[in-house]
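# Per-entry structural report
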Number of protein chains: 2
Amino acid sequence: MSQTIAVVGGTGPQGKGLGYRFARGGYDVVVGSRSAERAVPVAEEIAARLEGVEGAGSVTGAANPEACGQADLVLVAVPWDGHDDLVAGLPLDGKLVVSCVNPLAFDKRGAHGAIVNGGEGSAAESAQALAPGATVVGAFHNVSAVLLWEDEALDEDVLVVGDEAEAKQQVMELARTVTGRRGIDAGKLRLARQLEPLTAVLISINRKYKTHSGIRISGLDTHQAD
Amino acid sequence: MSQTIAVVGGTGPQGKGLGYRFARGGYDVVVGSRSAERAVPVAEEIAARLEGVEGAGSVTGAANPEACGQADLVLVAVPWDGHDDLVAGLPLDGKLVVSCVNPLAFDKRGAHGAIVNGGEGSAAESAQALAPGATVVGAFHNVSAVLLWEDEALDEDVLVVGDEAEAKQQVMELARTVTGRRGIDAGKLRLARQLEPLTAVLISINRKYKTHSGIRISGLDTHQAD
């Protein structure tokens, strides 16, 4: 029996790209959005791309709370603006929740990290505080939405942070759907404070070098990282 | 005529390793410390390692302010604790100042980023505020002191942030002494807020995987990064 993943905010570029990868990797995916009417067309678009892909999971659409209700694992892929109110309204008790939310601020000098809780917080920690009955893991912050929507394995690493070892292992395994390799255990959940705004650096590099950059960790043997 | 680099805090592991690499790459290096008496033996140790290395620069030792006085480029490689008082006392007017300082905090759960200026600051920005007559660039935050003290080119990228293009280019070039490749232009100086505490993530990975990890940026063609 395959595992079902809800993607809250699954109509945005990051959520849509990750939903596509997860379904391509064999997981059943429920694309969540504010309403089922918004979610269903995106689910259909993803399903259409997966036609004929052997072993692909199903892709359906639902309003965010209903999507969570159908899933064991919930990916939160919503904008930082409005994040807390949205997460507080979701039925997340007992779920494994993966946050890939990047609290960023933008001005004429470019992107930079938004200040969360006076510098002592992150979107992932906020989600954990708002859903104490869930287990929150941070991952997939730094993967390019553009590359996710393509077919090649991404030449980068997925850094995974969390306070519960088993949940973290599960998400490290899920990373294979994106990079073809296991994710990297990058430490405790609070280190999401460092991973989330790192995306601002990649945005800056992308602008300068006209690319879709990502993070790789050097110094890991293949067998360690795998 | 070769360029002279002062390494403030050159007796610490990061400063000593970078001083070694810079001298090995042909720059003249002045190791700085609280007193010349502390600096000279480390300078002699580095010079001894470079004996017979063709094209290596000279390595001497001096108290931090005197080291700065002899140099065009000053690397600040001091601990975050006491950083501001120390930097405020240095003669940095007109100098290119490179900050590799990582404001980190440690507790029983490991390393994490220390909060600088309520989350809206970094060691590099503090240095720029304290030395308005200098041009501050952030770089070399994430390179392993252990690997720096070896001889191989590091298999990672040096991310360089700064607000003045020419100074940034000069530091990107200096990165060749460490990685054999040009550093990567990672954006404005304020993105040091993201690069500095990223070292906490690498420390966490090092502990978990028993390695000396580093950062590589994917998505850059060799010719772009070079």
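Heads up: the structure comes first, above all this text.
Quick caveat: nothing in here was measured; it's all calculated off a predicted structure. (Residues numbered from 1 in each chain as written. Chains lettered and ligands numbered in written order. Predicted model: local features only at pLDDT ≥ 70, side-chain atom pairs only at ≥ 80, totals over all residues. Heavy atoms only, no water.)

We now examine the overall build of chain A. Across its full length, chain A carries 10 helices and 11 strands. Projecting the C-alpha coordinates of chain A onto the three principal axes gives extents of approximately 40 × 40 × 35 Å. Relative to its 226 residues, chain A shows a buried fraction of 58%. Look at the contacts in chain A between residues 6 or more apart in sequence, and 70% of them connect residues 24 or more apart. Split by element, the accessible area of chain A, about 9,000 Å² in all, is 48% carbon and sulfur. One way to put it: in chain A the 20 positive side-chain charges average out to a point 8 Å from where the 29 negative ones average out. (Helix = DSSP H or I, 4+ residues; strand = E, 2+ residues; numbered from the N terminus. Buried < 20%, exposed > 50% of the residue type's maximum accessible area, 1.4 Å probe, protein only. Contact = heavy atoms within 4.5 Å. Areas by Shrake-Rupley, 256 points an atom, 1.4 Å probe, with all protein chains shown as cover. Lys, Arg positive; Asp, Glu negative; His and termini not counted. Charge placed at Lys NZ, Arg CZ, Asp CG, Glu CD.)

A few words on the interface of chain A and chain B. Every contact between the two is made by 47 residues of chain A and, on the other side, 47 residues of chain B. Between chain A and chain B, a total of about 3,600 Å² is buried, with carbon and sulfur atoms accounting for 56% of that surface. It is R109(A), R190(A) and Y209(A) that lose the most area in chain A upon contact with chain B, and together they represent 20% of the buried surface on that side. Where chain A touches chain B, the interface holds 6 salt bridges. Joining chain A to chain B, the criterion identifies 21 residue pairs in polar contact (both at pLDDT 80 or more). Those elements giving two or more residues to the side of chain A that touches chain B turn out to be β7 (110-113), β10 (184-187), α9 (192-209) and β11 (214-218) of chain A. Residue contributions to the side of chain A that touches chain B peak at 12 residues, all from α9(A). (Buried area = accessible area lost by both parts, 1.4 Å probe. Salt bridge = Lys/Arg side-chain N within 4 Å of Asp/Glu carboxyl O. Polar contact = N/O pair within 3.5 Å; in protein donor to acceptor, adjacent residues only side chain to side chain.)

So, about the nonpolar core. Within soluble globular proteins, side chains that are nonpolar generally end up buried alongside one another. In terms of nonpolar packing, the biggest core is built from 152 residues, with F140(A) and F140(B) touching the most fellow members. Once residues within four sequence positions are removed from consideration, F140(B) is found in contact with Q14(B), L18(B), F22(B), L75(B), V98(B), C100(B), V158(B), L159(B), V171(B), L174(B), A175(B) and V178(B). (Core = buried A, V, L, I, M, F, W, Y, C linked by side-chain atoms within 4.5 Å.)

Now for the pattern of salt bridges. Residues and elements named next belong to chain A. Inspection of the entire model under this criterion finds 26 salt bridges over all chains. Note that K168 and D185 form a salt bridge whose closest N and O atoms lie 2.8 Å from each other. You can see K168 sitting in helix α7 (residues 165-174) and its partner D185 sitting in strand β10, a full 17 residues away along the chain. Given the relative accessible area of 4%, D185 is considered buried.

Moving on to the sheet that holds strand β1 (residues 4-8) of chain B. Residue and element names in this part refer to chain B. With mixed pairing, 8 strands are arranged side by side in an open sheet as β3-β2-β1-β4-β5-β8-β9-β10. The sheet is open, and its two edges are formed by β3 (59-63) and β10 (184-185), each paired on a single side. As paired strands, β1 and strand β4 (residues 73-76) are joined by 4 bridges and run parallel to one another. Counterpart to A6 in the pairing with β4 is V74. (Pairing = 2+ DSSP bridges.)

It is worth spelling out the environment of M172(A) at this point. Among the secondary structure elements, M172(A) is positioned in helix α7. In this structure M172(A) touches V160(A), R182(A), G183(A), I184(A), D185(A) and Y209(B), once residues within four positions along its chain are discounted.

This next bit is on the relation of the copies chain A and chain B. Think of it as a corkscrew move, a rotation about one axis and a shift along it, taking one chain copy to the other. Superposition of chain A onto chain B requires a rotation of 180° combined with a translation of 0.0 Å along the rotation axis, giving an RMSD of 0.0 Å. Both copies of the chain, as the preceding transformation shows, are related through a two-fold rotation axis. When you check the interface residues of chain A against chain B, 100% turn up at the interface there too, and the contact is symmetric in its surfaces. (Least-squares fit on C-alpha atoms with pLDDT ≥ 70 in both.)

Quick look at empty space enclosed by the protein now. The final tally for this structure, using the stated rule, is 3 cavities of 30 Å³ or more. Counted as a void, the largest cavity has a volume near 380 Å³. As for the largest cavity, its lining consists of 26 residues, of which G119(A), R193(A), G119(B), R193(B) and Q194(B) are closest to the centre. Considering every element that reaches the lining of the largest cavity, the biggest residue donor is α9(A), with 5 residues. Residue composition of the lining of the largest cavity, grouped by class: 11 nonpolar, 11 polar and 4 charged. When its volume is computed, the second largest cavity comes out at roughly 40 Å³. In this structure, the second largest cavity is lined by F140(A), H141(A), N142(A), V143(A), E156(A), D157(A), V158(A) and L159(A). Of the residues in the lining of the second largest cavity, the class split is 4 nonpolar, 2 polar and 2 charged. (1 Å grid on protein atoms, 1.4 Å probe; cavity = no way out; pocket = protein on both sides within 12 Å on 5 of 7 lines; lining within 4 Å. Points joined across faces, edges and corners; volume = space filled by probe spheres on them. Nonpolar A, V, L, I, M, F, W, Y, C, P; charged D, E, K, R; others polar.)

Under the defined criterion, the tally for this structure stands at 4 aromatic pairs over all chains. Judged by centre distance (5.6 Å) and plane angle (65°), the rings of F22(A) and F140(A) are edge-to-face. Residue F22(A) is located in helix α1 (residues 13-24), and its partner F140(A) is located in the loop between β8 (135-138) and α6 (145-148); the two are separated by 118 residues in the primary sequence. For the cation-ring pair, R49(A) lies above W149(A), with the distance from its terminal atom to the ring centre recorded as 4.7 Å. For K16(B), the ring lying beneath its charged end belongs to W149(B), and the centroid distance is 4.7 Å. (Phe/Tyr/Trp six-rings, centres within 6.5 Å; stacked < 30°, edge-to-face > 60°. Lys NZ or Arg CZ within 6 Å of the ring centre and 35° of its normal.)

Residues and elements named next belong to chain B. Relative to the 20 Å expected for 14 residues at 1.5 Å per residue, helix α2 (residues 36-49) spans 20 Å between its end C-alpha atoms, a close match to the ideal helical length. Along α2, the residues that are buried comprise A39, V42, A43 and I46. Buried residues along α2 cover an arc of 105° about the axis, so they all sit on one side. Turned more than 90 degrees away from the buried face of α2 sit E37 and E44, all of them exposed. (Expected span 1.5 Å × (residues − 1). Arc of directions from axis to C-beta.)

On to the sheet that holds strand β4 (residues 73-76) of chain A, then. Residue and element names in this part refer to chain A. In spatial order, the strands read β3-β2-β1-β4-β5-β8-β9-β10; together these 8 strands make up an open sheet with mixed pairing. Strands with a single pairing partner mark the edges of an open sheet, and in this sheet they are β3 (59-63) and β10. Geometrically, the sheet is characterised by an average inter-axis angle of 30° between neighbouring strands, direction not taken into account. One ladder, built from 3 bridges, connects strand β9 (residues 159-162) with β10; its direction is parallel. Opposite V161, over in β10, you have G187 as the bridge partner. (Axes fitted to C-alpha atoms, helices over the stretch in contact; angles between N-to-C directions.)

Interpretation note: all reported values are geometric properties and have no functional meaning in isolation.
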